[in-house]
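Tertiary structure, described
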Amino acid sequence: MTTPMQPTGAPAAWPDTYGEDAKPRVGFFTDTSICIGCKACEVACKEWNLIPEDGRVWTGESYDNTSALGANSWRHVAFVEQRKPLRLAEPFPEADARAGEAGSAGAQPAEVGVADLRWLMASDVCKHCTHAGCLDVCPTGALFRTEFGTVVVQEDVCNGCGYCVPTCPFGVLDKRDLARSPDDAPLALPLFGKKEDGRVWKCTLCYDRLKGGLEPACAKACPTDSIQFDELDELRKRAERRLEKLRVERWNGARLYGQDAGDGVGGFGAFFLLLDEPEVYGLPPDPVVPTAHLPKLWRTTALAAAGLLAGIAAAFVGGRE
Amino acid sequence: MSTNGSVTAVGSQMRSYYGRPIVKEPVWQRQVPVYFFTGGIAGACSVLHGLGRVTRNDGLAKTALYVGAAADLASPILLVSDLGRPERFLNMLRVFKVTSPMSVGSWILLASGSASATAALLELAGRLRPVKWAAEAVSFVTGPPLATYTGALVANTAIPVWSEARGELPWLFGASAAASGGAATILFAPSNSAGPARRAALVGAVAELGLAQLMERRLGFVGEVYRQGEAGRYGRLAKSCTAAGAALLAWRGRRSRLAATVGGALLLAGSAALRFSVFEAGVQSARDPRYVVATQRERLREKEHA
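Residues numbered from 1 in each chain as written. Chains lettered and ligands numbered in written order. Predicted model: local features only at pLDDT ≥ 70, side-chain atom pairs only at ≥ 80, totals over all residues.

1. Structural notes on the overall build of chain A
Assigned secondary structure in chain A consists of 8 helices and 10 strands. Evaluated residue by residue, chain A yields a buried proportion of 50% over its 321 residues. Excluding contacts between residues fewer than 6 apart, the proportion of contacts in chain A whose partners are at least 24 apart in sequence is 68%. (Helix = DSSP H or I, 4+ residues; strand = E, 2+ residues; numbered from the N terminus. Buried ≥ 20, exposed ≤ 12 C-beta atoms within 10 Å, placed from the backbone. Contact = placed C-beta atoms within 7 Å.)

2. Regarding the overall build of chain B
In terms of regular secondary structure, chain B is built from 10 helices and 2 strands. Starting at the N terminus and ending at the C terminus, chain B contains elements arranged as β-β-α-α-α-α-α-α-α-α-α-α. Over its C-alpha trace chain B gives a radius of gyration of 21 Å, about what one expects of a compact globule, namely 19 Å for 306 residues. Principal axes of the C-alpha set define a box for chain B whose edges measure 75 × 50 × 35 Å. Looking at chain B as a whole, 60% of its 306 residues qualify as buried. By sequence separation, contacts in chain B at least 24 residues apart represent 75% of the contacts at least 6 residues apart. (Rg over C-alpha atoms; globule rule 2.2 N^0.38 Å.)

3. What about the interface of chain A and chain B?
Much of the literature gives interface size as the accessible area that the parts lose upon coming together. The interface of chain A with chain B comprises 69 residues on the first partner and 75 residues on the second. Elements with a contribution of two residues or more to the side of chain A that touches chain B: strand 2 (75-82), helix 3 (133-137), helix 4 (164-167), strand 6 (174-175) and helix 8 (294-318) of chain A. Tallying contributions element by element places helix 8 of chain A first for the side of chain A that touches chain B, with 17 residues. Of the residues assigned to the side of chain A that touches chain B, the class counts are 35 nonpolar, 22 polar and 12 charged. (Nonpolar A, V, L, I, M, F, W, Y, C, P; charged D, E, K, R; others polar.)

4. Digging into the packing of helix 3 (residues 101-125) of chain B against helix 4 (residues 129-155) of chain B
Residues and elements named next belong to chain B. At a minimum axis distance of 7 Å, the contact between helix 3 and helix 4 shows a crossing angle of 145°. Crossing angle aside, the handedness with which helix 3 passes helix 4 is left-handed. Classifying every residue of the contact of helix 3 with helix 4 gives 17 nonpolar, 8 polar and 3 charged. (Axes fitted to C-alpha atoms, helices over the stretch in contact; angles between N-to-C directions. Left-handed = near helix turned anticlockwise from the far one by under 90°.)

5. Some thoughts on the sheet that holds strand 1 (residues 26-31) of chain A
Residues and elements named next belong to chain A. On the basis of which strands lie adjacent, the open sheet formed by 4 strands has the order 8-1-10-9 and mixed pairing. Looking at the sheet topology across the chains shown, the edges are occupied by strand 8 (227-231) and strand 9 (255-257). Within this sheet the neighbouring strands show an average axis-to-axis angle of 20°, counted without direction. With 4 bridges joining them, strand 1 and strand 10 (residues 270-274) adopt parallel strand pairing. (Pairing = 2+ DSSP bridges.)

6. Describing the packing of helix 7 (residues 195-219) of chain B against helix 9 (residues 257-287) of chain B
All names here are of chain B. Contact geometry of helix 7 with helix 9 gives a least axis separation of 11 Å together with a crossing angle of 35°. For the crossing formed where helix 7 meets helix 9, the hand is left-handed. Along the contact surface, helix 7 presents Arg198, Ala201, Ala205, Glu208 and Ala212, while helix 9 presents Ala260, Gly264, Leu267 and Leu274. When the residues that make up the contact of helix 7 with helix 9 are grouped by side-chain class, the tally is 6 nonpolar, 1 polar and 2 charged.

7. Observations regarding the environment of Cys138 of chain A
Mapped onto the secondary structure, Cys138 of chain A falls in the loop between helix 3 and strand 4 (143-145). Judged by local crowding, Cys138 of chain A falls into the buried class, with 29 C-beta atoms found within 10 Å. Once you skip the residues sitting within four places of it in the chain, Cys138 of chain A turns out to touch Leu143, Tyr163 and Cys164 of chain A together with Ser100 of chain B.

8. Looking at helix 8 (residues 229-252) of chain B
Residue and element names in this part refer to chain B. In this model, helix 8 (24 residues) spans 35 Å end to end at C-alpha, consistent with the 34 Å of a helix rising 1.5 Å per residue. Residues of helix 8 that are buried include every one of Ala231, Tyr234, Gly235, Ala238, Cys241, Thr242, Gly245, Ala246, Leu248 and Leu249, and no others. Those residues of helix 8 that are buried lie in contact with helix 6 (169-188), helix 7 and helix 9. (Expected span 1.5 Å × (residues − 1).)

9. Brief notes about helix 10 (residues 289-305) of chain B
The terminal C-alpha atoms of helix 10 of chain B lie 24 Å apart, and with 17 residues this matches the ideal 24 Å at 1.5 Å per residue to within 8%. Those residues of helix 10 of chain B not exposed but buried are Pro289, Arg290, Tyr291, Val292, Val293, Ala294, Thr295 and Gln296 of chain B.

10. Concerning unusual backbone geometry
Residues and elements named next belong to chain A. Even without a glycine there, the phi angle at Ser67 is positive, about 75°. Relative to the assigned elements, Ser67 resides in the loop between helix 1 (40-49) and strand 2. With 18 C-beta atoms counted inside 10 Å, the residue Ser67 sits in the partly exposed group. You will see that Arg250, though not glycine, has its phi angle at about 65°, which is positive.

11. Overview of the environment of Asp174 of chain A
Within the fold, Asp174 of chain A resides in strand 6. You can call Asp174 of chain A buried: it has 22 C-beta atoms within 10 Å. Remark: the alpha-carbon pair of Asp174 of chain A and Trp201 of chain A, spanning 27 residues in sequence, is separated by 6.1 Å. Contact partners of Asp174 of chain A, with chain neighbours within four places excluded, come to Gly70, Ala71, Val165 and Val200 of chain A together with Lys24 of chain B.

12. As for the pairing of strand 1 of chain A
Residues and elements named next belong to chain A. Along strand 1, 6 of the 6 residues are buried, which leaves the element largely enclosed by surrounding structure. Taking every second residue as pointing to the same face, both faces of strand 1 are buried, with Val26, Phe28 and Thr30 on one and Gly27, Phe29 and Asp31 on the other. Bridging between strand 1 and strand 8 involves 5 bridges; their strand directions are antiparallel. Within the sheet, the bridge partner assigned to Phe29 lies in strand 8 and is Gln228.

13. Structural notes on the confidence of the model for chain B
Residue and element names in this part refer to chain B. Mean pLDDT for chain B: 92, with 95% of residues reaching 70 or above. Considering only residues more than four positions removed or in separate chains, one finds that residues 1-12, a stretch of pLDDT under 50, has 23 contacts. Overall fold confidence for the complex sits at a pTM of 0.90, while the interface term, ipTM, reaches 0.93. (pLDDT = per-residue confidence, 0-100.)

14. So, the confidence of the model for chain A
Residue and element names in this part refer to chain A. With 82% of its residues at a pLDDT of at least 70, chain A reaches an overall mean of 87. Scored below 50 in pLDDT, residues 1-8 makes 18 contacts in the model with residues more than four places away or belonging to other chains. Here residues 97-106 scores under 50 on pLDDT; set against residues more than four positions off or in separate chains, the count is 16 contacts.

This is the structure in C-alpha cells:
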C-alpha cells in the first residue's frame, strides 16, 4: 500500500522510486501581501502551457473575471474588497508573535474607520500536496509524482474518468470539454464519437520548464515576487521570516496556509501567506486528503459486502417454498 | 456590500469567496448513478444465483444468473460511455491501486462481468459444465464487493455529504442492491421458486429505508441537502416506492403474481431513485461552500478542544 495512509512524511513514490534521478522537492511560496493583482501569472501560464480560452465573462466580483481554478485556468487571482484596517492597533506582544497562527489572537483590530478599505489579492494554484488525493484515486496512473515531488497529469494516459475532480479538497482539477465540431465523426456511434478533449487538466508546475532548468512561467512573470519558486525547504524558512516581519509590522490577519507538514494533506508543495481566513479566498480551512479515511472505509465496504451475503443467505433459510 | 458575502449557518458567521464553490462538483453524467443501480443488481444476483445453486433451487438460480449477467454487461457500457475519452477505457487496466476505489472497482467489475457472462452463455449452451461452475464461483465471490464498493467510491471524495457518510454509504448501497437484485429476479423467476428472492428484496428494502434515514440524521447540518432540490425529490420518490413495493410484496407477494410483479417494479424504481438522490446530493453539497467550511470548522473546533 502506498503512503497516503500515513499522516505525515514524504510524498508517496518520491524520492525513493527515482533513485539517483530524484531532485530536491520544489514548490511555490505565494506571498499575497505583495500581490498587486496584475494577473501576469494567469497570462504567462496560459501562454506557456497553451491553455484554451475560459470564457470572457464579466462577473462584477471586484477585478476577478476568472472566478476559480479549473481545466483552463491554472492560476487564478482572487480579489477581495473588505472594510477592515490593514494594521492592528495594539503593538504585537512578543509572546503572541511566536505563539502560533492567526495574528489576531492577542491584539484587537482598531475600530473600522472610513478610510479602512482592504483590497486583498491572492494568486491561487494547484497545491501539489504531499498526500495528493487526485494522485491516489487516479485509476489509470495518468497522475504521477515527478522527480521534483510535484503532481502532474499525463495527457496521453488520462481517459477522462473524472474521479480526481471531486476528490481534490481544493477543487483544482476539472475536465476540459471543448465543443464538438460538426466534422467530429458524424456517423460514428455516439459512444465512441471523437471528442476534442474530455481529459482532466491542472497546473504541472511547468514540468517541462523544470526539466530544462527554468522556473515556472507564473513565478518568472510575477513582477513583485509574490510568487516565489524554489526548493520547498528554503521556501518554508523564507515564509517564516516574512511572517515574522509582517507581525512586527502589525499586519492584520497575517498567517501561513499550507506550510505545516502535519496538516491533513501533509503540507502543500505550493503554500501561501494570507491576510485573512482561508475561506475568504475560497480556500478550505482544514483540507484533508480523502484517502486518509480509506483503510477504515475499505473495512466498512468489506463488512457491508459480508452483510449483503448474510442478508441474502438468511432469505434462503427463512421460508418454506 | 455584496463582496465577500457573509452567510450565517449553524449559529456561526461563515464567509466565502462570493459564494463560489470550494470543491468541484462531480463531472460524472447520469450513466454513473445508473451504473450504481445496475452494479448493485449484478452483485446481489450473483449471490442469489450462487445460493440458489447450493440449495438446488434451479428456477431461481437460472433467472438470477441471466438477470445478473445482463446487469453485468450493461455496467461497463454505462461506465465507458461516461469517460471523457471512451476509446481509452483499457487504461483502467494499466494499474491496480488499492488507494483508488475506482481502480479496485474496475477490476472487480472485470472479474464479475466476465464470470457471470461466461456462466450465462455456458448455461444457455449447456456445455463445459466444470468451466461454468468455476465461472459461477467467481461471480459469487465478486458479487457482494461489486454491490458495495460504489459506496466507497463516492465516500472517498472531498464532497461533504458523501465523505461524511462514509460509515453508511457502503451499507446503504449494499441494502439497495439486495432490494433491487431480489426485485429484478422476482420479475422473471417462476412463482414457485421466487421465495428467497422475495425475502431478500424485503430484507434489502427495509434495510435501505432504515439506513437512508440513519445517514441523513447522522449527517446533521450537511444532511439538509437530502431535503432540497433534486436530491430531495429523488429521495422522496425512493422512499415512497420502496415502502410501497415492500408493503405490497409482504402482503400479497407470495400468492399473487401481479402483486409480486408490481411490488418488484416499485422496489427497482425505489433503488434507482435512491442512487440518483445520493448522486444529486453530492452535486448540491459541492455547489455550496458553506457545507465544506462548516464541516471543516467543526473539525478544527473539535481538534482544539481535544
